[in-house]
Amino acid sequence: MTKKSARKHLSPRTQAIHGEALSKSWEFSHHLIPPMTASTTFRLGSLTRGAEGFSSFADDTKDKPIWIYDRLEEPTTKMLEDQLAVLEKGESAVTFGSGMGAISSTLMTLMKSGQRVVAHKTLYGCTYSLITNWLPRLGIEHSLIDVNNFKVLEKELSNPQTRVIYFESVSNPILEIADLAKITALVKAANKKRKADDRIYTVVDNTFATPWSLRPIEWGVDFVIQSLTKNISGFGTEMGGAVIAPKSFEGMLRVARKDFGAIIHPYSAWHIMVYGISTQAIRFEQQQATAMKVAQFLEKHPKVESVTYPGLKSHPQYKLARKYLISPENKFCPGTMISFNVKGNMKRCQKFVDDIAQNSYSITLAVSLGLTKTLIEVPGFMTHSAIPEDKRGESKIDPRAIRLSIGLENAKDIISDIEDALKRI
Ligand SMILES: Cc1ncc(COP(=O)(O)O)c(C=O)c1O
């Protein structure tokens with residue numbers, strides 16, 4: 001049954017279409033598309049088999065999984081996980097009901113009271129809230145630094161309480177690029193001085209980049225997070241999250257998911273696998289080509305103060321972008337996200353965004369990203385509002401910064417909607 005399983009030498013573009021087409025999770029080999037499973041519980045046949053299912057739960061060395069109960073494991077979800085692991089070049093993947101479910105369960109799996117997470121200063125708002133509001137209640141401290149400031153990072157790594165280094169490969173919303181090779185080299189050096197049980201782990205949220213643009217595990221990162229809600233599912237209909245992890249942590253992550261309960265619905269897993277993953281590369285490349293045109297247009301517009309897009313030479317870390325944001329087919333892959341400021345004060349920014357919300361056809365004022373529809377938002381007042389106002393400067397969140405997530409519309413239509421709104425402010 002594993003005859004057609006993803007083969008290492010194939011392009012990820014091909015692997016995303018076929019996946020583990022005949023995986024051990026799927027017993028219906030005559031279907032071209034895996035059937036959608038929806039069974040909260042499974043018939044076990046004998047007490048011996050039931051007991052074996054429980055005792056072997058989270059043991060992936062077993063030949064054939066024994067499905068017991070949806071919250072533990074189920075076939076569609078497992079097939080999605082197999083595909084995600086292949087695409088992110090990891091050993092295993094565990095999915096969750098949302099990106100935040102994956103982030104919180106991963107940190108809870110890796111950390112305990114008395115330990116510290118060292119995180120980059122600029123983070124998605126809810127991740128910031130998790131680290132600064134919730135983890136301290138459990139005795140898990142944090143330090144927020146610039147992970148690309150290697151002197152500061154080295155100092156944090158020498159703290160015996162430090163257990164996890166957490167950051168986004170391309171930060172939300174300001175599109176900074178983390179210098180993965182340098183960061184993981186420093187972590188490796190620090191781990192040489194520690195016992196195996198005390199080692200420091202790197203956890204990287206790769207949502208903005210997606211595996212089509214960057215594979216952090218290839219640069220030595222231990223755990224990769226994806227909010228599947230975004231570009232991987234791509235159509236704005238499903239929520240999901242995943243952690244791609246070393247095999248030795250897969251079981252513990254599954255136990256964490258079982259006990260915390262942040263499971264993905266198999267219906268969502270099926271949609272993400274069948275529609276999302278198989279079209280991700282082509283959607284990402286098309287959206288990215290449009291993002292480049294939109295960023296170039298914005299850069300030249302007299303009413304625009306600044307534009308940040310990793311594909312523009314003006315990006316402060318353009319060299320890092322060229323090093324890390326590379327597709328599996330070796331093409332520069334600067335992504336689908338743009339940040340920009342219009343000239344003038346907050347009132348003018350608001351006038352522009354409201355104008356888009358009311359008059360634009362191709363751009364919608366809405367949070368989320370990576371979808372077929374182009375979305376606009378103001379992170380300082382929306383997705384990142386969980387960061388207290390007095391800390392937004394530290395997190396480099398400019399209240400006037402506008403975030404654009406480019407969709408699949410014609411580039412000319414998006415540009416014309418922006419141009420019209422700029423004329424009216
Ligand atoms: C970079 C990043 N990570 C994680 C998340 C959380 O994902 P979800 O909304 O699926 O919980 C988001 C959501 O916007 C995000 O932008």
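Here, the structure is the one placed above.
Residues numbered from 1 in each chain as written. Predicted model: local features only at pLDDT ≥ 70, side-chain atom pairs only at ≥ 80, totals over all residues. Heavy atoms only, no water.

**Q** Honestly, the nonpolar core in this entry has me stumped. Any pointers?
**A** Across soluble globular proteins, nonpolar side chains have a tendency to be buried as a group. Grouped together as the largest cluster of nonpolar side chains are 50 residues, with contacts concentrated most on Leu80, Leu84, Leu157, Ile165, Phe167 and Leu228. Listing elements by their share of this core, those giving two or more residues are helix 3 (75-87), helix 6 (150-157), strand 4 (162-168), helix 7 (180-192), strand 7 (241-245), helix 10 (266-300) and helix 11 (318-324). Broken down by element, this core gets its largest block of residues, six residues, from helix 10. Three or more residues apiece are contributed to this core by two domains, here domain 1 (19-275) and domain 2 (281-423). Listed in part, the 28 residues of the second largest apolar core include Phe297, Tyr309, Val342 and Val353. (Core = buried A, V, L, I, M, F, W, Y, C linked by side-chain atoms within 4.5 Å. Buried < 20%, exposed > 50% of the residue type's maximum accessible area, 1.4 Å probe, protein only. Helix = DSSP H or I, 4+ residues; strand = E, 2+ residues; numbered from the N terminus. Domains from an automatic or database assignment.)

**Q** Would you mind showing me how to read the environment of serine 385 here?
**A** Within the secondary structure, serine 385 sits in the loop between strand 11 (374-377) and strand 12 (402-405). Looking at serine 385, the relative accessible area reads 39%, which means it is partly exposed. As for serine 385 and glycine 344, which are separated by 41 residues in sequence, their C-alpha atoms are 21 Å apart. Setting aside chain neighbours within four positions, we find serine 385 in contact with Pro379, Gly380 and Arg392. Within the structure, serine 385 has its side chain in polar contact with the backbone oxygen of methionine 382 (distance 2.8 Å). (Contact = heavy atoms within 4.5 Å. Polar contact = N/O pair within 3.5 Å; in protein donor to acceptor, adjacent residues only side chain to side chain.)

**Q** Would you explain the site of the ligand in this entry?
**A** Near the ligand there are 14 residues, and of these Gly99, Asp205, Ser227, Thr229 and Lys230 occur at the shortest range. Here an oxygen atom of the ligand sits 2.9 Å away from a polar atom, N or O, in the main chain of methionine 100. Contact between the ligand and threonine 229: an oxygen atom at 2.6 Å from a side-chain N or O atom of the residue. Relative to its unbound accessible area of 390 Å², the ligand is 93% covered by the protein chains. (Near = heavy atom within 4 Å. Areas by Shrake-Rupley, 256 points an atom, 1.4 Å probe, with all protein chains shown as cover.)

**Q** How should helix 5 (residues 125-134) be read in this particular structure?
**A** Of all 10 residues that make up helix 5, seven are buried, and the element is covered over most of its length. Within helix 5 the residues assigned to the buried category are Gly125, Thr127, Tyr128, Ser129, Leu130, Ile131 and Thr132. The inward-facing, buried residues of helix 5 contact helix 4 (99-110), strand 2 (116-120), strand 3 (141-145) and strand 4.

**Q** Whenever I open this one, the packing of helix 10 against helix 13 (residues 411-423) confuses me. Can you help?
**A** Working note: a packed helix pair is described by the angle between its axes plus the distance between those axes. Contact pair helix 10 / helix 13: the axes reach a minimum separation of 9 Å and the direction vectors enclose 25°. When the axes of helix 10 and helix 13 are compared, the pair comes out roughly parallel. Between helix 10 and helix 13 lies a crossing of right-handed hand. Within the contact between the two elements, helix 10 uses Thr290, Lys293, Val294, Phe297 and Leu298 and helix 13 uses Ala411, Ile414, Ile415, Ile418, Glu419 and Leu422. A per-class count over the contact of helix 10 with helix 13 returns eight nonpolar, one polar and two charged. (Axes fitted to C-alpha atoms, helices over the stretch in contact; angles between N-to-C directions. Parallel < 35°, antiparallel > 145°, perpendicular 65-115°, else oblique. Left-handed = near helix turned anticlockwise from the far one by under 90°. Nonpolar A, V, L, I, M, F, W, Y, C, P; charged D, E, K, R; others polar.)

**Q** Looking at this structure, how should I read the pattern of salt bridges?
**A** Once the charged atoms of two side chains with opposite charge are near each other, the side chains can pair. For the structure on display, the rule yields 17 salt bridges. Across the pair arginine 257 and glutamate 81 runs a salt bridge, and its minimum N-O distance is 2.9 Å. Taken together, the positions of arginine 257 in helix 9 (residues 247-260) and glutamate 81 in helix 3 put the pair 176 residues apart, joining distant regions of the chain. Summarising the burial analysis for this pair, arginine 257 and glutamate 81 share the class buried. Taken together, the salt bridges that share partners define one network made up of Glu73, Glu81, Lys247, Glu250, Arg254 and Arg257. (Salt bridge = Lys/Arg side-chain N within 4 Å of Asp/Glu carboxyl O.)

Interpretation note: all reported values are geometric properties and have no functional meaning in isolation.
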